[in-house]
Amino acid sequence: MFGRDRRCVVVVGAQWGDEGKGKIVDVLSEQADYVVRYQGGANAGHTVVRGSDQFILHQIPSGILHPRTTCVIGNGVVLDPLTFVEEVRELEGRGIEARGRLLVSDRAHLVLPYHKQLEQAAERRQQIGTTGRGIGPAYEDKFGRRGVRAGQLRDLARLRDQLEQRVERVNALLGLWGSADRADVAEHMGLLERIAPTVVPMLADTGRAVHQALRSDQCVLLEGAQGALLDVDHGTYPFVTSSNTTAGGAAVGAGIGPTAIDAVVGVLKAYATRVGNGPLPSEAQDGMGARLRELGGEYGATTGRPRRCGWFDTPVARYAGRVNGVTGLAITKLDVLDSISEIPVCVGYRIEGEEFDEIPAEAERLARVEPVYDVLQGWQRPTTEARRIEDLPGPARAYLERIERELETPIVYVSVGTRRDQIIQV
């Protein structure tokens, strides 16, 4: 994927998250000098399997598993400092050295315990389907110009005055919403005093570091969290996350210019899944959703919540390709479909007798669409040992070719299992 004219590559999810980005990033990280996480927070869960070991990474980029790779938490991330420090220690306890190879933007905003209290109280009122990890309120504070940035950990005495004001506001909101929870300044300061010795040595102007890496012809991989249909601008609003998950957010969240990006890999699961509330037009019926869930192990890596499952949705994938400027596709979990005899593919929608092939902007309208399916022949043979596209059964190749034709974008990777070696480079 990397080459003379492709020094900076973005990996984005092209559905509702959980597409298997962690594995694709892990594969590409072997060629990357820098791997940069550019948005989101600890609500993400990237699963990478190395041999018999499984790593679930929430905030640290998947490239940390490659000894020569420098990993970066960009300015667009909202960092939960407690879980970040726990993740660093867990990696080091499993023999993966993180300190010295991990940079944290001093402009990244912190997710504090009071953000989680706010989100949990708000979720009880709104039922959006958030993870309760404080991501939304942290971004609200960021754009409301009342956030706490990682660089402020360098001067905890000055930060205390700011925290007192923030906690007073939070407690007023919690009381207004009828929540019995209350935030405590001393508890927050105690947390920050514990984590500062680990985080402060990692702080850097990461945008400058990435810029200099590109200037010196090093390879940079930009890694997003969630998926395009959860983007706050382009997703199924209001059932979205609080940041720009699309490739346009990569330059902003990494601190580099948009002209630095050379290629965008859109990751698509061979079927569709979604966690929480919001429309899923191609959701499988008559027990097939449950069957796909069990075949694919579709439970959240971060929350353990069961994912809703359905069939590949061409309008969603086409839309995601457009808003991300996708130049190549990675199809994951093809092997999950191995035992299914007939595989529906959603090729369009119907509302009140009218057919169309684009997703509407309104989530309420998208929830009412009737999917239009083409049913393709299944292959009913295992694909897990395939290492070349020619090794796949004919109907599996036909399925992939149909996706390429519909999206007018080449497939560059196909994943046929959870292990690192179970991948086909096309």
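Residues numbered from 1 in each chain as written. Predicted model: local features only at pLDDT ≥ 70, side-chain atom pairs only at ≥ 80, totals over all residues. Heavy atoms only, no water.

Enquirer: Account for the overall build of the protein chain, with residues named and values stated.
Expert: Across its full length, the protein chain holds 12 helices and 20 strands. Its C-alpha atoms give the protein chain a radius of gyration of 21 Å, within 12% of the compact-globule value 22 Å for 426 residues. Dimensions of the protein chain, computed from C-alpha atoms along their principal axes, come out at roughly 65 × 50 × 40 Å. Burial analysis of the protein chain (426 residues in total) assigns 58% to the buried set. Counting only contacts in the protein chain whose residues sit at least 6 apart along the sequence, the fraction spanning at least 24 positions is 75%. If you sum the accessible surface of the protein chain, you get close to 17,500 Å²; carbon and sulfur atoms cover 46% of it. When the 51 basic and 57 acidic side-chain charges of the protein chain are each reduced to a single mean position, those positions are 4 Å apart. (Helix = DSSP H or I, 4+ residues; strand = E, 2+ residues; numbered from the N terminus. Rg over C-alpha atoms; globule rule 2.2 N^0.38 Å. Buried < 20%, exposed > 50% of the residue type's maximum accessible area, 1.4 Å probe, protein only. Contact = heavy atoms within 4.5 Å. Areas by Shrake-Rupley, 256 points an atom, 1.4 Å probe, with all protein chains shown as cover. Lys, Arg positive; Asp, Glu negative; His and termini not counted. Charge placed at Lys NZ, Arg CZ, Asp CG, Glu CD.)

Enquirer: Any chance you could break down helix α10 (residues 314-324) for me, citing the residues and the numbers?
Expert: What sets the pattern is the α-helix's 3.6 residues per turn: residues three or four places apart point alike. Every buried residue belonging to α10 is among T314, P315, V316, A317, Y319, A320 and N324, and all of these are buried. In this fold, the buried residues of α10 make contact with β1 (8-13), β11 (263-269), β14 (312-313), β16 (342-351) and α12 (394-407). Just downstream of α10, G325 is the residue with a positive phi angle, here 65°.

Enquirer: Go over the sheet that holds strand β5 (residues 70-73), please, and point to the residues and values.
Expert: Read across the open sheet, the 10 strands follow the order β9-β7-β5-β2-β10-β1-β11-β15-β19-β20; overall the sheet is mixed. Where the open sheet ends on each side, the last strands, each with one partner, are β9 (203-204) and β20 (423-425). The sheet contact formed by β1 and strand β10 (residues 220-223) spans 4 bridges and is parallel. Following the sheet pairing, V10 is matched in β10 by L222. Along the sheet, helix α1 (residues 21-29) makes contact with β1, β2 (34-37), β10, β11, β15 (328-332), β19 (411-415) and β20, crossing β1 at roughly 165°. (Pairing = 2+ DSSP bridges. Axes fitted to C-alpha atoms, helices over the stretch in contact; angles between N-to-C directions.)

Enquirer: How would you sum up the environment of G255? Please name residues and give values.
Expert: With respect to the helices and strands, the residue G255 is situated in the loop between α8 (248-254) and β11. The partly exposed category is assigned to G255, whose relative accessible area is 40%. Sequence-wise, G255 and V72 are 183 residues apart; in three dimensions their C-alpha atoms are separated by 11 Å. Each residue touching G255, except ones within four places of it in the same chain, is listed here: N75 and G207.

Enquirer: Outline the packing of aromatic side chains, supporting the account with residue identities and numerical values.
Expert: To describe a pair of aromatic rings, one takes the distance between the centres and the angle between the planes. Applying the stated criterion across every chain, the model contains 2 aromatic pairs. Both rings, one in Y349 and one in F356, keep their centres 5.9 Å apart while their planes meet at 70°; by these two values the pair is edge-to-face. What makes F356 buried here is its relative accessible area of 18%. Above the ring of F55, the side-chain terminus of R94 is found at 4.0 Å from the ring centroid. Looking at R365, its charged tip hangs above the ring of F356, at a distance of 5.5 Å from the centre. (Phe/Tyr/Trp six-rings, centres within 6.5 Å; stacked < 30°, edge-to-face > 60°. Lys NZ or Arg CZ within 6 Å of the ring centre and 35° of its normal.)

Enquirer: Tell me about the packing of helix α2 (residues 81-93) against helix α6 (residues 185-199), residues and numbers included.
Expert: Two elements in contact, α2 and α6, have axes separated by 10 Å at closest approach and are oriented at 45°. One element, α2, and the other, α6, form an angle in the oblique class. When the axes of α2 and α6 are compared, the crossing they make is left-handed. Side by side, α2 and α6 meet where P81, L82, F84, V85 and R89 of the first sit next to L191, I195, T198 and V199 of the second. Looking at the contact of α2 with α6 residue by residue, the classes come out as 7 nonpolar, 1 polar and 1 charged. (Parallel < 35°, antiparallel > 145°, perpendicular 65-115°, else oblique. Left-handed = near helix turned anticlockwise from the far one by under 90°. Nonpolar A, V, L, I, M, F, W, Y, C, P; charged D, E, K, R; others polar.)

Enquirer: I'd like to hear about the nonpolar core, residue by residue, with values.
Expert: Counting 66 residues, the largest nonpolar core has L222, L334, L337 and Y399 as the members making the most contacts within it. Aside from chain neighbours lying at most four places away, what touches Y399 is A270, F312, L334, L337, I343, V345, L376 and W379. Judged by nonpolar contacts, the second largest core, of 61 residues, contains V85, Y114, L174 and V185. (Core = buried A, V, L, I, M, F, W, Y, C linked by side-chain atoms within 4.5 Å.)

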